[in-house]
Amino acid sequence: MNKKSNKKETAAPLSKSALRRQREREQRLETILSAAQRLFAIDGYHKASMEKIADAAEVSVGTLYFYFKNKEDLLVKLLSQIGFDLRNMLGSAFVGTDISLAGIREAGRIFFDDFCPNHPESLTIFFRESVGQSEVVEAHRKKIFDKLIDDVCQALIRVSENQGARFQSNLSAEVMATSIMGMFERLAYQYLIWQDRSADLKVIGQDAIDFIIGGIENLFR
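Here is what the cut-offs are and how they apply
Residues numbered from 1 in each chain as written. Predicted model: local features only at pLDDT ≥ 70, side-chain atom pairs only at ≥ 80, totals over all residues. Heavy atoms only, no water. Helix = DSSP H or I, 4+ residues; strand = E, 2+ residues; numbered from the N terminus. Rg over C-alpha atoms; globule rule 2.2 N^0.38 Å. Buried < 20%, exposed > 50% of the residue type's maximum accessible area, 1.4 Å probe, protein only. Contact = heavy atoms within 4.5 Å. Axes fitted to C-alpha atoms, helices over the stretch in contact; angles between N-to-C directions. Parallel < 35°, antiparallel > 145°, perpendicular 65-115°, else oblique. Left-handed = near helix turned anticlockwise from the far one by under 90°. Core = buried A, V, L, I, M, F, W, Y, C linked by side-chain atoms within 4.5 Å. Phe/Tyr/Trp six-rings, centres within 6.5 Å; stacked < 30°, edge-to-face > 60°. Lys NZ or Arg CZ within 6 Å of the ring centre and 35° of its normal.

A.B. asks: Outline the overall build of the chain, supporting the account with residue identities and numerical values.
C.D. replies: A tally of helices and strands in the chain yields nine helices and zero strands. For 221 residues, the compact-globule estimate of 2.2 N^0.38 gives 17 Å, and the chain exceeds it by more than 25% at 22 Å. Relative to its full complement of 221 residues, the chain shows a buried share of 41%. Restricting to contacts in the chain with at least 6 residues of sequence separation, those with at least 24 account for 68%.

Right, dumping it as structure tokens:
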């Protein structure tokens, strides 16, 4: 009888030309996403046609459709990327502290001092251009917000456990997390999308963070 090998077969390494083609595809994808993000933010989602996006990315329309089936598909991909970046920024700020209210404060500071002023196109797409576009986009947007709210909720629970405190009810952390994300969205919309108050952002952010921290402490028993 032939003995079966227990060793897993490993894929052959890619050739240099295959690696080069892979890098080129990845670079082309990033170029397309950057062009789409810029046009969605500046011209608006509805005015940014696939032809304009292809022209801005310096690719053919056929190449654009090779990567994305339509403009909605492109927006969903951008939302995923923005949501991932934002969750990573806030999460890293929180875990970089001693799992206390200082971590919540630092995450808030990162949102107002880093994300808002340094990523205006992402901010515009996430909070304005993706709103009410289609059921598919709205469902995806809701999914990202649900993850962000759950991230904040879990952070609040960890803070309460670390401090030996308890919330007033079993819904307190969830309500506060939802309120925090709602506040972030509304303040960004009010002062950066509706108005250009970027010069006041540090003061606005500090007031908002102080308000949030006071609310959290109020819910602790």
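Okay, back to it.
A.B. asks: Lay out the packing of helix α6 (residues 120-129) against helix α8 (residues 172-193) in plain terms, naming residues and giving numbers.
C.D. replies: For the pair α6 and α8, the least separation of the axes is 10 Å and the interaxial angle reads 115°. On the basis of their axis angle, the class for α6 and α8 is roughly perpendicular. Our pair here, α6 against α8, has a crossing hand that is left-handed. Residue-level inspection shows Leu-123, Thr-124, Phe-127 and Arg-128 of α6 in contact with α8, the latter providing Glu-185, Ala-188, Tyr-189, Leu-192 and Ile-193.

A.B. asks: Before we move on, could you go through the nonpolar core and cite the residues and values that matter?
C.D. replies: As a rule of thumb, nonpolar side chains are buried together in soluble globular proteins. Ranked by size, the top nonpolar core spans 71 residues in total, and within it Phe-40, Ile-104, Phe-111, Phe-126, Phe-127, Leu-156 and Ile-216 carry the most contacts. Counting residues per element, this core draws most heavily on helix α4 (residues 71-95), which supplies eleven residues. Excluding anything up to four places from it in sequence, Ile-104 contacts Phe-94, Ala-155, Leu-156, Val-159, Ile-212, Ile-213 and Ile-216.

A.B. asks: Describe the packing of aromatic side chains, listing the residues and the values that go with them.
C.D. replies: Scanning all chains against the criterion turns up eleven aromatic pairs. Judged by centre distance (5.2 Å) and plane angle (55°), the rings of Phe-126 and Phe-127 are tilted. Of the two residues, Phe-126 and Phe-127, neither departs from the other in class, the shared state being buried. Ring centres of Phe-127 and Phe-145 lie 6.3 Å apart, and the angle between their planes is 55°; on these two criteria the pair is classed as tilted. Taken together, the residues span a long stretch of sequence, with Phe-127 in helix α6 and Phe-145 in helix α7 (residues 135-162) at a distance of 18 residues. Exposure class is identical for Phe-127 and Phe-145. Each is buried. Sitting over the face of the ring of Tyr-45, Lys-71 holds its NZ or CZ atom 4.5 Å from the ring centroid. When the ring centre of Trp-194 is taken as reference, the NZ or CZ atom of Arg-186 above it lies at 5.1 Å.

Any functional reading would require information that these geometric values do not contain.
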